[in-house]
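The chain contents come next:
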Amino acid sequence: MDKLRVKGRVLLEFNIRAVTGLHIGGAGTGIQIGGIDKEKEVIRDPLTNRPYIPGSSLKGKVRSLLEKQLGLRINRRIGQTKIHSCDNQEEYKNCRVCWVFGVPGEVGFNTPTRLIVRDVPLSEESAQEMERLPLDRPFAEVKTEVSIDRITSAANPRTIERVPAGAVFGPGEMVYTVYSSDDGLCTVQKDVDFLAIVFQGLKLLEQDYLGGLGSRGSGRVKFEKIRVFLSKDAQTPGEPLKSYDDLDGLLTDLNPLLKQIRTELEGG
């Protein structure tokens, strides 16, 4: 690729509200007597002991929902996960998911991943509010579920941690880089047009769930207090280009927003 250049970065800042209890598990193993199976504990920041939403969980879920929505082939294994990955450059240059979210580096025809998703901490306000509540665990409620053996009718209880409904995580941040190249493969117009899929994926997430146990009520979330910034020439962005109370407001204004970003980057 000839002279790939960064034309600018779109910064998306937001809060995530847990509409129902949220369970994103850690990597613990084993169980304490009288305690909770560590695989059912929520993931926590080791310095603060507060729950957080890993950027990898957020990005991976949005990508997965988009792959299903667009009917893409799930054809490549990454660790324990299978994703869609384009097989050749011709397919890749028209695939919004691979273009924005990335493909494995060894394929040899990829451009840089456009989207960075950072970890989202529990907001200070929610942390202080939960410290005042009589919760079962630090910053978490304990939910007991019972599965029934279909043959013996024996009850098998299990206990999980969830961040309570109403908790707010934020501010979260996503960074979307816009490139251009002399050979015309990467252009400002194409990258800005493909940015739309990020917002569409976030809306799919609101309609689905984040984390585990979603089919049993956990993990419904809502994006709030959304601000869109534009950074050119590695400068710290000032005032936001646009601010929205929620995703519905952003999606209603999506075409004018993309046009404004494209105009500023092409003119810079």
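Residues numbered from 1 in each chain as written. Predicted model: local features only at pLDDT ≥ 70, side-chain atom pairs only at ≥ 80, totals over all residues. Heavy atoms only, no water.

Draft legend 1. Quick peek at the pairing of strand E8 (residues 155–162). Sheet analysis places strand E7 (residues 141–148) next to E8, joined by 8 bridges and oriented antiparallel. Bridging across to E8, isoleucine 148 finds its partner in alanine 155. (Pairing = 2+ DSSP bridges. Helix = DSSP H or I, 4+ residues; strand = E, 2+ residues; numbered from the N terminus.)

Draft legend 2. Representation of the packing of aromatic side chains within the structure. If you walk through the whole model with that rule in mind, you get 3 aromatic pairs. Plain terms: the ring middles of phenylalanine 14 and phenylalanine 223 are 5.5 Å apart, the flat faces sit at 70° to each other, and that makes the pair edge-to-face. Placement of the pair is phenylalanine 14 in strand E1 (residues 5–18) and phenylalanine 223 in strand E10 (residues 221–231), with a sequence separation of 209 residues. For the pair shown, phenylalanine 14 and phenylalanine 223 are each scored as buried. (Phe/Tyr/Trp six-rings, centres within 6.5 Å; stacked < 30°, edge-to-face > 60°. Buried < 20%, exposed > 50% of the residue type's maximum accessible area, 1.4 Å probe, protein only.)

Draft legend 3. Summary view of unusual backbone geometry. Look at the link from glycine 170 to proline 171: it is a cis peptide, with omega at 0°. Mapped onto the secondary structure, proline 171 falls in strand E9 (residues 168–180). Its identity as a non-glycine residue notwithstanding, phenylalanine 139 has a phi of 60°, on the positive side. Note that phenylalanine 139 resides in the loop between helix H4 (124–131) and E7. A relative accessible area of 10% means that phenylalanine 139 is categorised as buried. We note that leucine 213 has phi near 65°; this positive angle belongs to a residue other than glycine.

Draft legend 4. Layout of the side chain of serine 180. Here serine 180 is to be found in strand E9. Apart from residues lying up to four places away in sequence, serine 180 is in contact with Lys3, Leu4, Arg5, Lys7, Cys186 and Thr187. (Contact = heavy atoms within 4.5 Å.)

Draft legend 5. Representation of the pairing of E9 within the structure. Within E9, 11 of the 13 residues are buried, which leaves the element mostly enclosed by the surrounding structure. Relative to E9, E1 is paired through 11 bridges, and the arrangement is antiparallel. Paired with glutamate 13 across the strands is glutamate 173, a residue of E9. In terms of strand pairing, strand E5 (residues 115–117) meets E9 through 3 bridges, oriented antiparallel. Bridged to leucine 115 within E9 is tyrosine 176.

Draft legend 6. Region of interest: helix H1 (residues 55–70). When the terminal C-alpha atoms of H1 are compared, their 22 Å separation across 16 residues agrees well with the 22 Å that a helix rising 1.5 Å per residue should span. Positive phi shows up at glycine 71, right after H1, with a value of about 70°. (Expected span 1.5 Å × (residues − 1).)

Draft legend 7. Spatial organisation of the sheet that holds E9. Read from one edge of the open sheet, 5 strands run E5-E9-E1-E10-E11, paired in antiparallel fashion. Looking at the sheet topology across the chains shown, the edges are occupied by E5 and strand E11 (242–246). Neighbour-to-neighbour, the strand axes of the sheet open up by a mean angle of 15°, direction not taken into account. Its contacts with the sheet put helix H5 (residues 188–207) on E1, E5, E9 and E10, and the angle it makes with E9 is roughly 155°. Packed onto the sheet, helix H7 (residues 254–266) meets E1, E9, E10 and E11 and runs at close to 20° relative to E10. (Axes fitted to C-alpha atoms, helices over the stretch in contact; angles between N-to-C directions.)

Draft legend 8. Fine view of the confidence of the model for the protein. Counting all residues, the mean pLDDT for the protein is 90, and 94% of those residues have values of 70 or more. The low-confidence segment residues 29–35 (pLDDT under 50) makes 7 contacts with residues lying over four places distant or belonging to another chain. (pLDDT = per-residue confidence, 0-100.)

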